[in-house]
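# Fold and geometry: a report
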Amino acid sequence: VTPGCVRIFFTNALTAASAAGWAADPMEPAFRAYMRKDYEVALKVSWKLSKENNLDAHQLLGMLHLDGLGGGAPRDYRKAVFFFTLAAEQGQLFP
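Please read all numbers here as calculations on a predicted model, not as lab measurements.

A few words now on the packing of aromatic side chains. Under the counting rule described, the total for this entry stands at three aromatic pairs. Taking the centre distance of 5.7 Å and the plane angle of 65° together, the rings of Y34 and Y39 count as edge-to-face. Y34 sits in the buried class, given a relative accessible area of 7%. Ring geometry for W47 against F83: centres 6.1 Å apart, planes inclined by 80°, an arrangement best described as edge-to-face. A residue pair is termed long-range when its members are at least 10 positions apart, and W47 in helix α3 (residues 39-51) and F83 in helix α5 (residues 77-88) qualify at 36 residues. Taken together through their ring pairs, the aromatic side chains of W47, F82 and F83 make up a single cluster.

Here we come to the pattern of salt bridges. For the coordinates displayed, the defined rule picks out two salt bridges. Two residues, R32 and E28, come together in a salt bridge whose shortest N-O distance is 2.7 Å. Taken as a pair, R32 and E28 lie in helix α2 (residues 28-35) at a separation of four residues, close to a single helical turn. Residue R32 is classed as partly exposed on the basis of its relative accessible area of 38%. Overall, E28 belongs to the buried group, its relative accessible area being 19%. For R36, the salt bridge is made with D38, and the minimal N-O distance between the two is 3.8 Å. The class of D38 is partly exposed, set by a relative accessible area of 27%.

Here we take up the confidence of the model for the chain. On average, residues of the chain carry a pLDDT of 82, and 73% of them reach 70 or more. Per-element averaging of pLDDT across the chain places helix α1 (residues 3-20) at the bottom with 58 and α3 at the top with 95.

Contact geometry for α3 and helix α4 (residues 55-67): axes closest at 8 Å, N-to-C directions at 140°. As the angle between them shows, α3 and α4 are arranged oblique. Remark: the crossing between α3 and α4 carries left-handed chirality. Counted together, Y39, A42, L43, S46, W47, L49 and S50 of α3 and A57, H58, L60, L61 and L64 of α4 form the full contact between these two elements.

Rules used throughout
Residues numbered from 1 in each chain as written. Predicted model: local features only at pLDDT ≥ 70, side-chain atom pairs only at ≥ 80, totals over all residues. Heavy atoms only, no water. Phe/Tyr/Trp six-rings, centres within 6.5 Å; stacked < 30°, edge-to-face > 60°. Buried < 20%, exposed > 50% of the residue type's maximum accessible area, 1.4 Å probe, protein only. Helix = DSSP H or I, 4+ residues; strand = E, 2+ residues; numbered from the N terminus. Salt bridge = Lys/Arg side-chain N within 4 Å of Asp/Glu carboxyl O. pLDDT = per-residue confidence, 0-100. Axes fitted to C-alpha atoms, helices over the stretch in contact; angles between N-to-C directions. Parallel < 35°, antiparallel > 145°, perpendicular 65-115°, else oblique. Left-handed = near helix turned anticlockwise from the far one by under 90°. Contact = heavy atoms within 4.5 Å.

Here it is, written out as structure tokens:
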């Protein structure tokens, strides 16, 4: 799996979830920030929820580090793999 494939899949999943609506999803602010390219907010919200073992937060942190999108998340493949693995080991595959 290449970073480009992961990015396309993740972005499509975010778009579909956005269209379906996120009622009380604690990740909603992070997803919306990611979609509007406010990576600092996406990182901050995801980091907080990742500490609470939110699997979607793990995945978004993986994406932020995979792409090095700023907001305090420089491109770091080891961190990306860490967060993707953390989610996958708990049964969360890409959305």
